[in-house]
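A structural walkthrough
Listed below are the residues making up each chain.
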Amino acid sequence: MNNVSRVFATGFIWAALTILGVAMMVSKTDISSGNLTFMMIALIIGSTIGTAAIWTSNKPESDSREASEKAKRHSRVERLMNDLNEHDIEELRYRLMSQDDEDRIPLEELINKGRGR
């Protein structure tokens, strides 16, 4: 919900409160009994809670925005590691730990081999 929608929703809530208050005052409600005061306090508390709910309801929107920013921050290596299965990860660990020059394969060849699957 954008700010313009929030302003309209807040205005609607408080306009409805005003209309109900005026309607209770001009009706044949006995003002001296305290019913009007009790009803107006209940309506004001409800309107305040409704307004607070409208203005603090942007949590899911910001969560999705944060998630998309985190996805963008993932490096190419992290995305590659997520695409590998357990066998490929074990093979990568073995090759990285290996000191033998004869087992070494250029990175481009490994990537092209992986794309061929």
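This report concerns the structure included in the present document. The shown structure was predicted, so the numbers you read here are calculated from the model rather than taken from an experiment.

Here we look at the overall build of the protein
Assigned secondary structure in the protein consists of six helices and zero strands. The order of helices and strands in the protein, counted from the N terminus, is α-α-α-α-α-α. Taking contacts inside the protein between residues at least 6 apart in sequence as the whole, the part at least 24 apart equals 62%. When the accessible surface of the protein is totalled, it reaches about 9700 Å², and 62% of it is carbon and sulfur.

Some words on the side chain of Thr 10
Its place among the elements puts Thr 10 in helix H1 (residues 3-26). Apart from the residues within four sequence positions on either side, Thr 10 is in contact with Thr 51, Ile 54 and Trp 55.

Here we look at the packing of H1 against helix H2 (residues 35-55)
Where H1 meets H2, the axes come as close as 10 Å, and the angle between the chain directions of the two elements is 175°. Here H2 runs roughly antiparallel to H1, going by the angle between their axes. Residues Asn 3, Arg 6, Val 7, Ala 9, Thr 10, Ile 13, Trp 14, Leu 17, Leu 20, Gly 21, Met 24 and Met 25 of H1 form the contact with H2, whose participating residues are Leu 36, Met 39, Met 40, Leu 43, Ile 44, Ser 47, Thr 48, Gly 50, Thr 51, Ile 54 and Trp 55. Of the residues in the contact of H1 with H2, the class split is 15 nonpolar, seven polar and one charged.

Here we look at helix H5 (residues 86-97)
With 12 residues, H5 should reach 16 Å at 1.5 Å per residue; the first-to-last C-alpha distance of 17 Å fits that figure. The opening residue of H5, the one whose side-chain oxygen lies 3.2 Å from the backbone nitrogen of His 87, is Asn 85.

Re the environment of Gly 50
When you line up the elements, Gly 50 lands in helix H2. Gly 50 sits in the partly exposed class, given a relative accessible area of 21%. For the pair Gly 50 and Ala 9, spaced 41 residues apart in sequence, the C-alpha separation works out to 9.3 Å.

Some points on H2
Compared with an ideal rise of 1.5 Å per residue, which puts 21 residues at 30 Å, H2 spans 30 Å between its outermost C-alpha atoms and is within 8% of the ideal. Among all positions in H2, only Leu 36, Met 40, Ser 47, Thr 51 and Ile 54 are buried. End-on view of H2: buried residues confined to an arc of 60°, all on one side of the axis. Opposite its buried face, H2 presents the exposed residues Phe 38 and Ile 49, each directed more than 90 degrees away.

Description of a nonpolar patch on the surface
Among the surface-exposed residues, Val 22, Met 25 and Val 26 lie close enough to one another that they form a single nonpolar patch of about 300 Å² accessible area. Mapped onto the elements of the fold, Val 26 is located in helix H1. With relative accessibility at 66%, the residue Val 26 sits in the exposed group.

Rules used in this analysis
Residues numbered from 1 in each chain as written. Predicted model: local features only at pLDDT ≥ 70, side-chain atom pairs only at ≥ 80, totals over all residues. Heavy atoms only, no water. Helix = DSSP H or I, 4+ residues; strand = E, 2+ residues; numbered from the N terminus. Contact = heavy atoms within 4.5 Å. Areas by Shrake-Rupley, 256 points an atom, 1.4 Å probe, with all protein chains shown as cover. Axes fitted to C-alpha atoms, helices over the stretch in contact; angles between N-to-C directions. Parallel < 35°, antiparallel > 145°, perpendicular 65-115°, else oblique. Nonpolar A, V, L, I, M, F, W, Y, C, P; charged D, E, K, R; others polar. Expected span 1.5 Å × (residues − 1). Polar contact = N/O pair within 3.5 Å; in protein donor to acceptor, adjacent residues only side chain to side chain. Buried < 20%, exposed > 50% of the residue type's maximum accessible area, 1.4 Å probe, protein only. Arc of directions from axis to C-beta. Patch = residues over 30% accessible without salt bridge, like charges linked within 9 Å, V, L, I, M, F, W, Y side chains within 5 Å. Salt bridge = Lys/Arg side-chain N within 4 Å of Asp/Glu carboxyl O.

Function cannot be inferred from these measures alone, as they are strictly geometric.
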